[in-house]
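One letter stands for each residue in the lines below.
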Amino acid sequence: MERAFIKKEKVRFQHVDYAGIVFYPRFLEMLNCLVEDFYEEALELPFKNIHKTGGIPTVDLKVQFKKAARLGDELTKYLWLKNIGGSSMVCGFKFEHEDGSICLEGEVTLVKVDFLNDRGDIKASPFTDAMRVVLERYKTEN
């Protein structure tokens, strides 16, 4: 995962259900946080400006839950690019436990969009050349 964007996240009380394991929608929130961090730290496009700069909606999502995560666990989250299109990107992701076992993995397709008609509509918008250069740094061959 030499070309992946990597962040750590501690499983907190807010993430778990009564059994003390992460409630599955919280994993999707953690994934969204990873995408937000990628945009801010790698692309220098913080989500605080997303309403001015356009959006990046998820149009496809595949997740496989492999192993439960529990309160207090520290997960390492990885995000990399599998394919970069004109205005879309297919990202691979995985969350690992400290012992290296995979908690979940999957693929998310994101599309860069611009807002139209005073935010009443959206339209796919091509990546800029500068953005594409940065995205290529995180692209893997497999």
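Let me sum up the structure you'll find in this document. (Residues numbered from 1 in each chain as written. Predicted model: local features only at pLDDT ≥ 70, side-chain atom pairs only at ≥ 80, totals over all residues. Heavy atoms only, no water.)

## Some thoughts on the layout of surface pockets
The computed volume of the largest pocket comes to approximately 170 Å³. If you go around the largest pocket, you meet 13 residues; those closest to its centre are Tyr 39, Leu 45, Thr 53, Lys 112 and Met 131. Where the lining of the largest pocket is concerned, the elements lending two or more residues are helix 2 (50–53) and helix 3 (129–136). Sorting elements by how many residues they give to the lining of the largest pocket places helix 3 first, with three residues. Residue classes in the lining of the largest pocket are distributed as eight nonpolar, four polar and one charged. (1 Å grid on protein atoms, 1.4 Å probe; cavity = no way out; pocket = protein on both sides within 12 Å on 5 of 7 lines; lining within 4 Å. Points joined across faces, edges and corners; volume = space filled by probe spheres on them. Helix = DSSP H or I, 4+ residues; strand = E, 2+ residues; numbered from the N terminus. Nonpolar A, V, L, I, M, F, W, Y, C, P; charged D, E, K, R; others polar.)

## Quick look at the pairing of strand 5 (residues 102–111)
Pairing analysis gives seven bridges linking strand 2 (residues 58–65) to strand 5, with the strands arranged antiparallel. Bridging across to strand 5, Phe 65 finds its partner in Leu 104. Between the end of strand 4 (residues 88–96) and the start of strand 5, which pair antiparallel, lie five residues, with Gly 100 showing a positive phi angle near 90°. (Pairing = 2+ DSSP bridges.)

## Overview of the packing of aromatic side chains
Using the criterion set out here, one finds ten aromatic pairs in the structure. Centre to centre, the rings of Phe 23 and Tyr 24 are 5.4 Å apart; their planes meet at 70°, and the pair counts as edge-to-face. Its relative accessible area of 36% is what places Phe 23 among the partly exposed residues. Pairwise contacts between aromatic rings join Phe 23, Tyr 24, Phe 27, Phe 65, Phe 93 and Phe 95 into one cluster. (Phe/Tyr/Trp six-rings, centres within 6.5 Å; stacked < 30°, edge-to-face > 60°. Buried < 20%, exposed > 50% of the residue type's maximum accessible area, 1.4 Å probe, protein only.)

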